[in-house]
Amino acid sequence: GNMVEWCLPQDIDLEGVEFKSMASGSHKIQSDFIYFRKGLCFGLACFANMPVESELERGARMKSVGILSPSYTLLYRYMHFLENQVRHQLEMPGHYSHLEAFYDDKKGVLPDSKGTLISQQPVHWLPSIHRYMYPEMKITHPAGCMSQFIKFFGEQILVLWKFALLRKRILIFSPPPVGVVCYRVYCCCCLANVSLPGLGGTVPESKPFFYVNVADIEMLETEVSYVACTTEKIFEEKRDLYDVYVDNQNVKTHHKHLQPLLKINNADKEKYRRLNDQRQMLMYSQEVGEDCSSCEEDLFILFFMEQNNRIFQTLMEVSASQDKTLTADHARGMGLDPQGDLSFLMDLLEVYGIDVMLVIDNPCCI
């Protein structure tokens, strides 16, 4: 089995981290990186696998070098360091001086023994666009993260968007490598950003759990909303742990009342067309050198945030009106399909506790 061979500080609780930082099935690949959650902290680990002539190690030496932080927003900055260190540990096992120096330089806020954060340092480097995000969404992943997400899922991102907005438990399965799948978890959470003040204080937060394995089952049983990924196929059978299961581009749910949301409707197709048009315009403006400050990640996040804001702004205005009646015209104004998105709208009102009356004509009764 896996074991922790070295850590600083030595008194920190790392139970289970040896399985979180090395994905199940990693022995089949040469290298990977992995984001995970450990209690109140987030981790990033880099994995590498090197053939060795040793019977004791069964011909392969595999290690992960990782760091834990109260926030995952800056972890990606240390990816290069971790990649170098895991290679160093494979070639020269037991030499930890670089890791000790790194820890002494970077150590800062760690949860105390009660599990509460002692303090939270402000983050000043973020571009202005991110001031609208939930604190845990303030992140910039390597270029191309959002682009890959859109290319991989295509129109299915509109299905994921609805489930993310409804705060469903979303589990993404993929065989290793798992690094790119951790990015999909992040992208999925970005779909649900809303910047309207005072909205849904009782709504569960969208929690990125990143990589999970069978050791996390007990913890997942208590969660009402999360987005996570796994390399363990056994999860598919454990239907009580998730609402939505994503296997490659195949998005599915075993809940009958959620199955209508799997169907792409005309309004979804129109949103996807608009998103692609905006991406094409951004690429063109970068090619002709007009605008190098915009990036695809900002465009992607803003596209969905504006869509979400429009929906909730309308719902809040209707709920504050005298008759509280939401019509087909309202639905169209929110960029939704009055028929195809009816069950989505009903779920949305319930999840966010918005008091309006749906009056959308049923075509069967015309």
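Bear in mind the structure is a predicted one, so any value in this text is a computation, not a measurement.

Counting buried positions over the eight residues of strand β1 (residues 31-38) gives seven, a clear majority of the element. Taking the residues that link successive antiparallel strands as the turn, the β1-strand β2 (residues 41-51) hairpin has two residues, and the phi of Gly 39 there is positive, at about 60°.

The nonpolar side chains of soluble globular proteins are, as a tendency, buried together. In terms of nonpolar packing, the biggest core is built from 94 residues, with Ile 157, Phe 300, Phe 312 and Leu 315 touching the most fellow members. Broken down by element, this core gets its largest block of residues, 10 residues, from helix α9 (residues 296-320). Counting only domains with at least three residues in this core, you end up with domain 1 (17-99) and domain 2 (136-316). In contact with Ile 157, other than residues within four places in its own chain, are Phe 149, Ile 150, Leu 191, Tyr 272, Leu 275, Phe 300 and Phe 304. Core analysis: the next-biggest nonpolar cluster, separate from the first, contains 12 residues, Ile 217, Tyr 226, Leu 241 and Tyr 242 among them.

In this section: α9. The first and last C-alpha atoms of α9 sit 36 Å apart over 25 residues, in line with the 36 Å expected at 1.5 Å per residue. Most of α9 is tucked away: 18 of the 25 residues are buried.

Here the protein chain shows a mean pLDDT of 84. Residues at 70 or above account for 84%. Counting contacts from residues 110-140, a segment whose pLDDT is below 50, to residues more than four positions away or on other chains yields 55 contacts.

Turning to the packing of helix α4 (residues 145-153) against helix α5 (residues 156-165), a few remarks are in order. Pairs of packed helices are described in terms of their axes, by the angle between the two and the distance that separates them. Put simply, α4 and α5 touch, their axes get as near as 7 Å, and they point 105° apart. Classified by the angle their axes make, α4 and α5 are roughly perpendicular. Together, Phe 149, Ile 150 and Phe 153 of α4 and Gln 156, Ile 157 and Leu 160 of α5 make up the contact between the two elements. Here the contact of α4 with α5 is built from residues that sort into five nonpolar, one polar and no charged.

With respect to the helices and strands, the residue Asp 247 is situated in strand β7 (residues 244-247). If we skip the residues at most four places from it in the chain, Asp 247 touches Phe 173 and Lys 233.

If you check which residues of α4 are buried, you get Cys 145, Met 146, Ser 147, Phe 149, Ile 150 and Phe 153. Here the buried face of α4 lies against α5, α6 (179-190), β7, α8 (266-287) and α9. Looking one or two residues past α4, Gly 154 carries a phi angle of roughly 55°, positive in sign.

Rules used in this analysis
- Residues numbered from 1 in each chain as written.
- Predicted model: local features only at pLDDT ≥ 70, side-chain atom pairs only at ≥ 80, totals over all residues.
- Heavy atoms only, no water.
- Buried < 20%, exposed > 50% of the residue type's maximum accessible area, 1.4 Å probe, protein only.
- Helix = DSSP H or I, 4+ residues; strand = E, 2+ residues; numbered from the N terminus.
- Pairing = 2+ DSSP bridges.
- Core = buried A, V, L, I, M, F, W, Y, C linked by side-chain atoms within 4.5 Å.
- Domains from an automatic or database assignment.
- Contact = heavy atoms within 4.5 Å.
- Expected span 1.5 Å × (residues − 1).
- pLDDT = per-residue confidence, 0-100.
- Axes fitted to C-alpha atoms, helices over the stretch in contact; angles between N-to-C directions.
- Parallel < 35°, antiparallel > 145°, perpendicular 65-115°, else oblique.
- Nonpolar A, V, L, I, M, F, W, Y, C, P; charged D, E, K, R; others polar.

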